[in-house]
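So you can see what is in the structure, the chains are spelled out below.
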Amino acid sequence: FECDLKWTLASCMQCFFLCFLFSCLLPQPPTLTHQSPKDYIIDPRENIIIHCEAKGKPHPSFSWTRNGTHFDIDQDPNVNMRPHSGTMVVDISREKVEHYEGVYQCTARNKHGTAVSNNIVVRQSRSPLWSKERIKPIVVQEGVSLVLPCRPPAGLPPPIIFWMDNNFQRLPQSSRVSQSLNGDLYFSNVLREDSRNDYICYARFPHTQTIQQKQPITVKVLNLDAINDTMAAFYNDTDLFSVDERRPTFLTPSGPSSSKMVLRGQVLEMECIAEGLPTPEISWTKISGDLPAKRTAFLHYQKTLRIVNVSESDAGDYRCTARNRHGFVHHTIHVTVKAAPYWISGAPKNLVLAPGENGVLTCRASGTPKPSITWAMNGIPIENSPKDFSRKVEDDTVIFTDVQVGSSAVYQCNVSNDYGYLLSNAFVNVLSEPPRVLTPAHKVYQVIRNHQALIDCTSFGSPIPKITWFKDSRASTLDGDPYILHDNGTLEIHVAQMHNSGKYTCVARNTLGISENHVYLEVKEPTRILKQPEYKIVQRGRSVVFECKVKHDPSLIPTMTWLKDDGELPDDERLIVDSDSLTITDVTENDAGVYTCIMNTTLDHDSASAELTVVEATPTPAVLYEQPDPPTDLELTDQKKRSVQITWTPGDEHNSPIQKFLIQYEDSLHHRGHWHNLTEVPGTKTTAHLKLSPYAQYTFRVMALNAVGYSRPSFPSRVYKTEPAAPDENPTGVQGFGTEHNNLVISWKPLSGLQSNGPGLHYRVMWRQKFLDSEWTSVTVANNSKFVVSGTPTFVPYELKVQAVNDYGAGPEPVIAHGYSGEDLPVAAPENVQAMILNSTLAEVHWDPVPAKLIRGHLKGYKVYYWRERSLHKHNPHHVEKQILTFSGNHTRGMLPGLHAFSLYSFNVRVYNGKGEGPASPTQKFETPEGVPSAPSSLVITNSNLDSLTLEWNPPHDRNGRLTGYTLKYQPVNNSNELGPVEELALPANETSVTLLNLKYSTRYKFYLNAKTVRGAGPAISQEAVTIMDEGKSLNAEHDLHSMHLFARLNVPLFMNIPSADEGEEWEKEHVNGSQNYLMTGLKAGLSYKVRVVAKGHADQPPHHSKEILVSVPAVASRQVDIATQGWFIGLMCAIALLILILLIICFIQRNKGGKYPVKEKEDAHTDPEFQPMKEEDCTFGEYSDNEDHKPLKGSRTPSNGTVKRDDSDDSLVDYGEGGDGQFNEDGSFIGQYSGKSASRDTAEGHESSEAPSPINAMNSLNSFV
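The rules we used
- Residues numbered from 1 in each chain as written.
- Predicted model: local features only at pLDDT ≥ 70, side-chain atom pairs only at ≥ 80, totals over all residues.
- Heavy atoms only, no water.
- UniProt positions renumbered as here; feature names shortened; annotations may be inferred.
- Helix = DSSP H or I, 4+ residues; strand = E, 2+ residues; numbered from the N terminus.
- Buried < 20%, exposed > 50% of the residue type's maximum accessible area, 1.4 Å probe, protein only.
- Contact = heavy atoms within 4.5 Å.
- Areas by Shrake-Rupley, 256 points an atom, 1.4 Å probe, with all protein chains shown as cover.
- Polar contact = N/O pair within 3.5 Å; in protein donor to acceptor, adjacent residues only side chain to side chain.
- Salt bridge = Lys/Arg side-chain N within 4 Å of Asp/Glu carboxyl O.
- Core = buried A, V, L, I, M, F, W, Y, C linked by side-chain atoms within 4.5 Å.
- Phe/Tyr/Trp six-rings, centres within 6.5 Å; stacked < 30°, edge-to-face > 60°.
- Lys NZ or Arg CZ within 6 Å of the ring centre and 35° of its normal.
- Pairing = 2+ DSSP bridges.
- Axes fitted to C-alpha atoms, helices over the stretch in contact; angles between N-to-C directions.
- Disulfide = S-S within 2.5 Å.
- pLDDT = per-residue confidence, 0-100.
- Patch = residues over 30% accessible without salt bridge, like charges linked within 9 Å, V, L, I, M, F, W, Y side chains within 5 Å.
- Expected span 1.5 Å × (residues − 1).

An unreviewed UniProt entry annotates the protein as Neuronal cell adhesion molecule-like of Sphaeramia orbicularis. Of the comments in the UniProt record for the protein, the one headed Sequence similarities (unreviewed entry) reads "Belongs to the immunoglobulin superfamily. L1/neurofascin/NgCAM family." UniProt lists a comment for the protein under the heading Subcellular location (unreviewed entry), and it reads "Cell membrane".

Broken down by element type, the protein carries 6 helices and 96 strands. Burial statistics for the protein: of 1266 residues in total, 41% are counted as buried. Restricting the contact set of the protein to residue pairs at least 6 apart, pairs at least 24 apart contribute 65%. Accessible surface computed for the protein: about 69,500 Å², of which carbon and sulfur atoms make up 51%.

Okay, the side chain of Lys-801 next. Considering the arrangement of structural elements, one finds Lys-801 in strand β69 (residues 797–806). On the basis of relative accessibility, which here comes to 8%, the residue Lys-801 falls in the buried class. Polar side-chain contacts of Lys-801 include one of 2.9 Å to the side chain of Glu-813. Beyond its immediate sequence surroundings of up to four residues, Lys-801 is in contact with Arg-764, Val-765, Met-766, Trp-776, Glu-813, Pro-814, Val-815 and Ile-816.

On to the side chain of Ser-944, then. Structurally, the position occupied by Ser-944 is in the loop between β79 (936–942) and β80 (949–956). Judged by relative accessible area, Ser-944 falls into the buried class, the value being 15%. A polar contact of 2.6 Å, which involves the side chain of Ser-944, links it to the backbone oxygen of Val-1026.

In this structure the tally under the stated criterion is 38 salt bridges. Residue Lys-660 is joined to Glu-680 by a salt bridge in which the shortest nitrogen-to-oxygen separation is 3.3 Å. Separated by 20 residues along the polypeptide, Lys-660 in strand β59 (residues 660–667) and Glu-680 in strand β60 (residues 676–682) bring together distant segments of the chain. What makes Lys-660 partly exposed here is its relative accessible area of 24%.

Looking now at the nonpolar core. Core analysis: the biggest nonpolar cluster contains 25 residues, and Ile-48, Ile-50, Trp-64, Met-88, Tyr-104 and Val-122 have the highest contact counts within it. For this core, the leading source of residues is strand β9 (residues 102–110), giving 3 residues.

Our next topic: the packing of aromatic side chains. What characterises a pair of aromatic rings is the spacing of the ring centres plus the angle enclosed by the ring planes. One pass over the full model with this rule turns up 23 aromatic pairs. Measuring from ring centre to ring centre gives 5.9 Å for Phe-168 and Tyr-202, while their planes differ by 45°; the resulting arrangement is tilted. Taken together, the positions of Phe-168 in the loop between β14 (160–164) and β15 (177–179) and Tyr-202 in strand β17 (residues 196–205) put the pair 34 residues apart, joining distant regions of the chain. Relative to Phe-700, the ring of Tyr-698 lies with its centre 5.7 Å away and its plane at 5°, an arrangement referred to as stacked. Under the relative-accessibility criterion, Phe-700 is labelled buried at 0%. Clustering of aromatic rings is evident, with ring pairs tying together Trp-64, Phe-71 and Tyr-104. Just above the ring of Tyr-342 sits the side chain of Arg-264; from NZ or CZ to the centre is 3.4 Å.

Moving on to the sheet that holds strand β7 (residues 79–81). A sheet is described by the order of its strands in space; here 3 strands give the open sequence β3-β8-β7, paired in antiparallel fashion. Every other strand in the sheet has two partners, leaving β3 (48–50) and β7 as the edge strands with one partner each. When the angles between neighbouring strand axes are averaged without regard to direction, this sheet yields 20°. Relative to strand β8 (residues 88–90), β3 runs antiparallel, the two sharing 3 bridges. By the bridge assignment for β8, Ile-48 is matched with Val-90.

This part takes up the state of the cysteines. Scanning the entire structure with this criterion turns up 6 disulfides. For Cys-457, the disulfide goes to Cys-506, at an S-S distance of 1.6 Å. With Cys-457 in the loop between β40 (453–455) and β41 (459–462) and Cys-506 in strand β45 (residues 502–510), this pair connects stretches of sequence that are 49 residues apart. For Cys-457, a relative accessible area of 1% translates into the label buried. Given the relative accessible area of 1%, Cys-506 is considered buried. By sequence order of its bonded cysteines, the protein has the disulfide arrangement 1-2, 3-4, 5-6, 7-8, 9-10, 11-12.

On to the confidence of the model for the protein. Chain-level pLDDT for the protein is 82 on average; 81% of the residues reach the 70-or-more range. In the model, residues 1–17 has pLDDT below 50 throughout and makes 20 contacts with residues more than four positions away in sequence or in other chains.

A separate point is the pairing of β17. Counting buried positions along β17 gives 7 out of 10 residues, so the element sits mostly inside the fold. Two elements, β14 and β17, share 5 bridges in a ladder whose sense is antiparallel. Its bridge partner lying in β17, Ile-161 is registered against Ala-203. Where β17 lies against strand β19 (residues 217–222), 2 bridges are found, and the strand directions are antiparallel. Within β19, the residue paired with Tyr-199 across the bridge is Ile-217. Here 4 bridges tie β17 to strand β18 (residues 210–213), and the two strands are oriented antiparallel to one another. Its bridge partner being in β18, Tyr-202 is matched across the sheet by Gln-213. Between β17 and β18, which pair antiparallel one after the other, the connecting turn spans 4 residues, and Gln-209 there sits at a positive phi close to 55°.

Before going further, it helps to examine a nonpolar patch on the surface. Among the surface-exposed residues, Leu-1138, Leu-1139, Leu-1141, Ile-1142, Leu-1143, Ile-1145, Ile-1146 and Ile-1149 lie close enough to one another that they form a single nonpolar patch of about 690 Å² accessible area. Mapped onto the fold, Ile-1145 is located in helix α4 (residues 1127–1152). Owing to a relative accessible area of 36%, Ile-1145 belongs among the partly exposed residues under this scheme.

It is worth spelling out the environment of Lys-214 at this point. On the secondary structure map, Lys-214 appears in the loop between β18 and β19. Sequence separation of Lys-214 and Lys-132 is 82 residues, and the distance between their C-alpha atoms is 8.4 Å. Apart from residues lying up to four places away in sequence, Lys-214 is in contact with Trp-130, Glu-133, Ile-135, Pro-149, Cys-150, Ile-200 and Cys-201. A distance of 2.6 Å separates a polar atom in the side chain of Lys-214 from a polar atom in the side chain of Glu-133.

Paired through their backbone hydrogen bonds, the strands of a sheet run either parallel or antiparallel. Taken together, the 3 strands give an open sheet; going across it, the order is β49-β54-β53, and neighbouring strands pair in antiparallel fashion. Edge positions in the sheet fall to β49 (544–547) and β53 (575–577), since each of these pairs with one other strand and no more. Between one strand axis and the next, the sheet turns through 15° on average, direction left out of account.

Moving on: the environment of Ala-365. Looking at the element boundaries, Ala-365 is found in strand β31 (residues 365–368). Here Ala-365 falls in the buried class, since its relative accessible area comes to 17%. C-alpha separation for the pair Ala-365 and Pro-341, spaced 24 residues apart in sequence, amounts to 6.3 Å. Ignoring any residue separated from it by four or fewer positions in sequence, one finds Ala-365 in contact with Tyr-342, Trp-343, Ile-344 and Val-415.

What follows is about unusual backbone geometry. Of note, the bond from Lys-57 into Pro-58 is cis; its omega dihedral lies within 30 degrees of zero at 0°. Position of Pro-58 relative to the elements: it lies in the loop between β4 (52–57) and β5 (61–66). Omega for the bond connecting Thr-252 with Pro-253 falls within 30 degrees of zero, at -5°, which places this linkage in the cis form. A positive phi angle, near 60°, is found at Arg-856, a position not held by glycine. Mapped onto the fold, Arg-856 is located in the loop between α3 (852–855) and β74 (859–871).

Helix length check: α4, at 26 residues, gives a terminal C-alpha distance of 38 Å against a target of 38 Å (1.5 Å per residue), a fit within 8%. Taken together, the buried positions of α4 are Leu-1144, Cys-1147, Phe-1148 and Asn-1152.

What follows is about the environment of Leu-422. Within the secondary structure, Leu-422 sits in strand β37 (residues 420–430). On the accessibility criterion, Leu-422 (17% relative accessible area) is buried. Separated by 79 residues in sequence, Leu-422 and Trp-343 have C-alpha atoms that sit 8.5 Å apart. Those residues in contact with Leu-422 that sit more than four places away from it in its chain are Lys-38, Pro-341, Tyr-342, Trp-343, Cys-413, Asn-414 and Val-415.

Right under this line is the structure:
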């Protein structure tokens, strides 16, 4: 879920709740969350772990295939799956890794669908040894080229190659000596210093982090000078051997050209290594274009060209050139870019649909060559899956129409070509969920006035809920200025004001229900510093006070913070911070700096700064700092047509250096009395060169600025008039449009007086039809910013130009603008209009577009007029109200939502442009199928008796089809509003009443009644009633001895008279305000009352009252109460049980106090000690009687040394202790007697315990009976 707006803590909580809702509460097909890579190279020294994690509701189960067949994990002792996961772990300690190499695929399934993983190819990494070889020394002549082969063993993955010597130092490389991409070492020409015997090629295998080395190679370079010296005596000092320089040739690649193929997104590496003397230099070019600068790198001394993230545009011919002073050589590499499949607009997205909705799964991918696309459902090819008429497959798209519950599934899209594949799972989850608002209720939002306010309404539902907002009284929905409703339900107030404070209600509704939430917005006053700290100069040793007075919203708690030079204040007791000031006592030089006060609230802050300057203490008066005096003596020099130089004399600085001068001007010709800023110059200058416009009368003045502020303006200079000239620019904003079908209005933004450059400003307006290559027509327009061309053809494109002209010439050549003459109504209607019925409330209309020449204007869109002719049911009224749906743009289809089911509709389509609508297409008709009916229009309860009542109802107002019957559900409601079991009754369609018998007397019931058609049941209407006696009969109040319910069906002001039945007493009145039921309270038990309902009309009308009902309030409640469910009874039983437990503990303490506890091995009867009878007279168990205190244990003996040793018997005292040695207290009692049995004993005897009886066992035994 993506948020359009800034995340807050509440937003995160809502997102968490939404994730929890999806993962834990709502049904969801499986979704893979983690899987191993497609090419999975494993370390043969470690266990194999193949990941497969998925989520879903219910949690999915997992299975695996290996090499295309089912892999039974339970049959392989070396393989297991992690709990609640599909991740497979293979223990390789007892089996070779090669046994488990292969292609694996994981399947995660639950009852809503099946998701499958990629094919995971598991291979073990290999780092083979170098084949043993004997390498002969290489002897070469100085200056020739040389290649030292590496040829590493083939590993998985391929090894990383590097050359080092015997000391594990990398061999130096240069433009002369370099390593190629295949690992060989190339010498463009060898030198004497290249002689060595330790050229060693190393291969590092990254997966296993092992390094293999090749046998050292010995290279000996012949010294031609020494050979020549040796041979000189024999050949008259002539050099027989010499190093000849030569032009470059390529060592690799060979030939004039080669080719290379690379996959899109990978790294393209091309190399050219040349030999020659002197060492050639390598350069690269792309013959068919430029190299991509940001993705290109040159490596290995320009010998390697690397392009990362290759795209199709990188295909073409590349040329490498090797050059030295003797010549050059070219090699052309033809690069072809292929592409494994890749997503164009992302993998298919999961769909959550409501019953009856439509959706689309899109699997849009590309590749080179073009990939093929196949679909599967729940892992089965879609052509072999069960037929589903709501699903239609069109190449890379699966279209779902009018989905129903039970259509949930996981769809697999497989895109493949010769270079790879993409496999994506996307589920379609059909949910029917009423709206839920996730934003916390009664949340308070606080914002500062004139700031943006964002009020959240995060919701969930299926269908997607529609969000509406109300404020305070809910008089109208909040839409339009100043409110902006975002797609995610958030309400935005761009600039919040105080009157925007209040209670806001967010309502989320869909076809299944409504949910609402109330939040509050509080708009606060901003925090402002009213009195800022001021610049201070203070003598050392004195005190200084910076004031910072603040105004803030009284409901916000402010916090004042002071900073020095943007850091924290020094920890010094001389700095005293008050609520609105900072005092520094005994000022030192270190206190100098910039002090900033910051006032923070929870919503905003404000800050202000001032500088403190510390000076030495002198007896001279304190220096005053003021604004500078205004400059004087303004002079204009170096006067030119469009420039002038101004000079001035600065005024007194008043102890604060002037920072800059501001030059202003007044144009008395065009804008008298208004001064405008012209330019600024540093405070060290007293002259300025001013650029001017022609045809103006300038007056200048200068202002000085220091640290305190601006000076007063100087006296104005003399007037300087500039000469007129032709305009420098033309009007902007030229556009053409028509107000009538036969005109063209050309408008522009006129030039200002200063832009006119001279008198007599007017405009040359030019136009011509586009594409006709005709001559320009022009007119001259003055004192206006538009011109109307009449008699133009309807809606024809024009080229337009507007040029500024004055008495001194024309402006530059104007830029051509474009426009259209006026529009007229379209003359044609859309053709081939037809309707496609999607469901009972939705239709799709198709039409052919109207040709552009018949639209005669800018196409704005199409309008569909449709109206309901009548219902197909004979009882429904006639409807002819027309509705209009507008589809902006060049659409050829449109949806008609919100239709009435089981109805006859008519419609036509019209095209419209900026002028209006065209003629209507021939009227077409279509019929909507049956839908579910609305709720019955009324439900009334009559004839309420002790055990029966009658329900009467009227059929639904919107039947939406032929009614097939009604469903009545009802259930009792107790005094705490808890609902009882539901009873359901099916009723025929022609029934409008039913009498329910055998109901519980004086019981409140809730009834739900809905109607049905062949499409299903509609919403229910509900009503409540209480089984009581009819009027005029005795009525017993059962709900409460002092209250009763009364029902009436009157829609006029009512009074309820409740007198006692005794004669002579007056009637008591209770206002019931027209409700249909009323609860009478305060009745006395054992008395009888007469009750009647009185309808009171106007003052001149007599009241009307119903028949009297005799109400008898019994003295004793007749309802039978289950004593076992009463709180007082449960509490009493718990108290009795606790008392018995305490008595037992006291008995055991008294019995064992100060005595010995001989352990009895087993009872002669071998009975379970937990079931020994307890003697009531002394509160002991039978096995602890005194007459057995001195009996020895059977099968054991007591040595004279006082220790107890284990004999041949299986039971001993050791079994009842924690170790092998028994211990005794000082009085001789065995302290290990009541400890738990040893582990060895548990193992030996299993469940047949012969544990000695103990108080703990006795209590456990008692608890088992309780």
